[in-house]
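The lines below spell out each chain.
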Amino acid sequence: MERNFRHLFPALSLLLIILLSFFIITSSSSSDEEWAIISRFQQYLQINTAQPNPDYAQSTSFILSLAKTLTLESETLEFAPGKPLVLLKWPGKEPTLPSVLLNSHTDVVPSEALKWAHPPFGAHIDDDGKIYARGSQDMKCVGMQYLEAIRRLKSSGFQPIRTVYLSFVPDEEIGGHGGVESFVASEKFGEMDVGIVLDEGLASTDEKYRVFYAERCPWWLVIRAVGAPGHGSKLYDNSAMENLMKSIESVRRFRAAQFDMVKAGLKAEGEVISVNMAFLKAGTPSPTGFVMNLQPSEAEAGFDIRVPPNADEESLEKRIAEEWAPSSRNMTFEFKQKGSVHDMFGKRALTATDSSNPWWALLEEAVRKANGRINKPEIFPASTDSRYFRQQGIPAIGFSPMANTPILLHDHNEFLSKEEYLKGITMYESIIGAYASYVGPAGGETLKDEL
Ligand SMILES: [Zn+2]
């Protein structure tokens, strides 16, 4: 027995060495790959594309260089001078099927660099793997995750049946007029025959991803009151200030009732009409501030109102005309912006999240297969470029795979952890694989009639 063991030692040691070196080689090549993925993300984050002067030249050349390494077809469209939209294409085997569009915006909001722990365009990674940068959540992460997912699908030999497009669009943060709004109206967009769009969502603080099927549309309302001026000591009816204050009180009560539903857990943030005062303008200026013994003849207030797609627009308009700015109180109103809750076909601009929409089921299943979990679908509380796609009657789903992450878009110290970023790539690999392989009925185009 003893002799037999001794004979085995050299063989066993050799086996151990082989196994160990195999382990070292594989783990170092996977960490090399991870390093390359993170460093590509950092490079994109380091390009200063902050409004109002985004460096689109650099972001464009960076995206085009990545597209080249992935052998994707590319073109640069320009609907407004100096605002390039980079369109990449991975042709499918069945070009007659409606395509899949993966959208992301390249611009970011400005930042107050001095209030950050690390420079907003440094893409610094701290010891626990948090990558700090403006755009790390909104939404350079998603743009790069699409490309990394495609890189993996390509290296696994996957071939799409449907054509997959990627649009890297400018100016989302300033309304998308020179970006997606013009893009969807173009001949090029029509030729692409888009069946489904994926666009941005929000981070979630727990382990379930958030997904968005609609968004609230902005109504920017200015109300004005006029009235007889008078001495500051006099009590009289129908002064401009008095009339405006009655309106503000009425708006405040409406706001509180909407907010109460959110506080009570009866409705989600995106399901109520939000109203917030953006400005108040009144008073007669004096060298030391305002004249104090004078009641002004004009006063106005501005409100940012956000209307969910299932809201009753008519009753809100009636409320504005009759309670918030009634002509009986010498008041007038004007919309600085008034989005529609309907699409161009007169239907509610929302994407179905039931069995009538195969893309929804495919997304749920793909995330589940990649070991992710998703929350109940929500209405996005603010605006994204998705609204332009939905207004064309095209289904659009907002999804930025960032679980266990505080919501820091537009905030100081925006960050995303390496771990969540890498997990998100796995989610997209699964989703893009499922979407590009889908050959079932409807596609998305007949859904427009069913919504
Ligand atoms: Zn965004």
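Taken domain by domain, the protein consists of domain 1 (38-215 + 348-450) and domain 2 (221-307 + 311-338). A C-alpha centroid distance of 38 Å is found between domain 1 and domain 2. For the pair domain 1 and domain 2, the two sides together bury roughly 530 Å², of which 39% comes from carbon and sulfur. Counting the contacts that link domain 1 with domain 2 gives zero salt bridges. Taken together, the connections running from domain 1 to domain 2 amount to two residue pairs in polar contact (both at pLDDT 80 or more). Looking at the side of domain 1 that touches domain 2, its residues break down into three nonpolar, one polar and three charged.

Right, let's get into the packing of helix α2 (residues 56-69) against helix α3 (residues 140-155). Two quantities define a packed helix pair, namely the angle between the axes and the distance from one axis to the other. Orientation of α2 relative to α3, taken along the N-to-C sense of each, is 10 degrees, at an axis distance of 11 Å. With respect to each other, α2 and α3 are oriented roughly parallel. Considering the relative orientation of α2 and α3, their crossing is left-handed. Contacts between α2 and α3 involve F62, L66 and T69 from the first element and M144, L147 and R151 from the second. Here the residues of the contact of α2 with α3 sort into four nonpolar, one polar and one charged.

Read across the open sheet, the three strands follow the order β4-β5-β21; overall the sheet is antiparallel. Pairing within the sheet leaves two strands with one partner each, and these edge strands are β4 (124-125) and β21 (415-417). By the bridge criterion, two bridges tie β4 to strand β5 (residues 130-132) in an arrangement that is antiparallel. Directly across from I125, in β5, lies its bridge partner I131. The sheet strands contacting helix α10 (residues 418-437) are β4, β5 and β21, and the helix crosses β21 at an angle near 70 degrees.

Counting 60 residues, the largest nonpolar core has L363, Y421 and Y435 as the members making the most contacts within it. Element by element, the count of residues in this core is highest for α10, at nine residues. The residues touching L363, leaving out its near neighbours within four places in the chain, are L198, V211, I374, I397, I431 and Y435. With 24 residues, the next largest nonpolar core counts W219, F254, F303 and V341 among its residues.

Let us now look at the sheet that holds strand β12 (residues 274-282). Taken in spatial order, the four strands of this open sheet run β12-β16-β10-β17, and their pairing is antiparallel. Two strands bound the open sheet, and with one partner strand each, they are β12 and β17 (331-338). If you compare each strand with its neighbour and ignore which way they point, the axes differ by 20 degrees on average. Of the strand pairs in this sheet, strand β10 (residues 217-226) and strand β16 (residues 298-307) are connected by ten bridges, and their pairing is antiparallel. Looking at β16, one finds that W220 is bridged to D304. Strand contacts of helix α6 (residues 240-263): β10, β12, β16 and β17, with the helix running at about 15 degrees to β16, the strand carrying the most contacts. Most of the contacts of helix α7 (residues 313-324) go to β10, to which it runs at about 15 degrees, and overall it touches β10, β12, β16 and β17.

Next up on the list: the packing of α6 against α7. For the pair α6 and α7, interaxial distance at closest approach is 10 Å and the crossing angle is 145 degrees. The residues of α7 that touch α6, namely those facing S247, S250, V251 and F254, are L316, R319, E323 and W324. Partitioning the contact of α6 with α7 into residue classes produces four nonpolar, two polar and two charged.

A few words on the pattern of salt bridges. Under the criterion given, the structure shown has 23 salt bridges. The partner of R224 in a salt bridge is E300, and the shortest N-O contact between them spans 2.8 Å. Taken together, the positions of R224 in strand β10 and E300 in strand β16 put the pair 76 residues apart, joining distant regions of the chain. Given a relative accessible area of 29%, R224 falls into the partly exposed group.

Following Q51, the chain continues to P52 via a peptide bond in cis, the omega torsion being 5 degrees. Relative to the helices and strands, P52 is located in the loop between α1 (2-45) and α2. Cis geometry marks the peptide bond from D138 to M139; its omega dihedral reads -15 degrees. Mapping M139 onto the fold places it in the loop between β5 and α3. In this structure, T71 is a non-glycine residue whose phi angle is positive, near 45 degrees. On the secondary structure map, T71 appears in the loop between α2 and β1 (73-78). Of note, N371 is a non-glycine position whose phi angle comes to about 65 degrees, a positive value.

Each value, and the rule that gives it
- Residues numbered from 1 in each chain as written.
- Predicted model: local features only at pLDDT ≥ 70, side-chain atom pairs only at ≥ 80, totals over all residues.
- Heavy atoms only, no water.
- Domains from an automatic or database assignment.
- Buried area = accessible area lost by both parts, 1.4 Å probe.
- Salt bridge = Lys/Arg side-chain N within 4 Å of Asp/Glu carboxyl O.
- Polar contact = N/O pair within 3.5 Å; in protein donor to acceptor, adjacent residues only side chain to side chain.
- Nonpolar A, V, L, I, M, F, W, Y, C, P; charged D, E, K, R; others polar.
- Axes fitted to C-alpha atoms, helices over the stretch in contact; angles between N-to-C directions.
- Helix = DSSP H or I, 4+ residues; strand = E, 2+ residues; numbered from the N terminus.
- Parallel < 35°, antiparallel > 145°, perpendicular 65-115°, else oblique.
- Left-handed = near helix turned anticlockwise from the far one by under 90°.
- Contact = heavy atoms within 4.5 Å.
- Pairing = 2+ DSSP bridges.
- Core = buried A, V, L, I, M, F, W, Y, C linked by side-chain atoms within 4.5 Å.
- Buried < 20%, exposed > 50% of the residue type's maximum accessible area, 1.4 Å probe, protein only.

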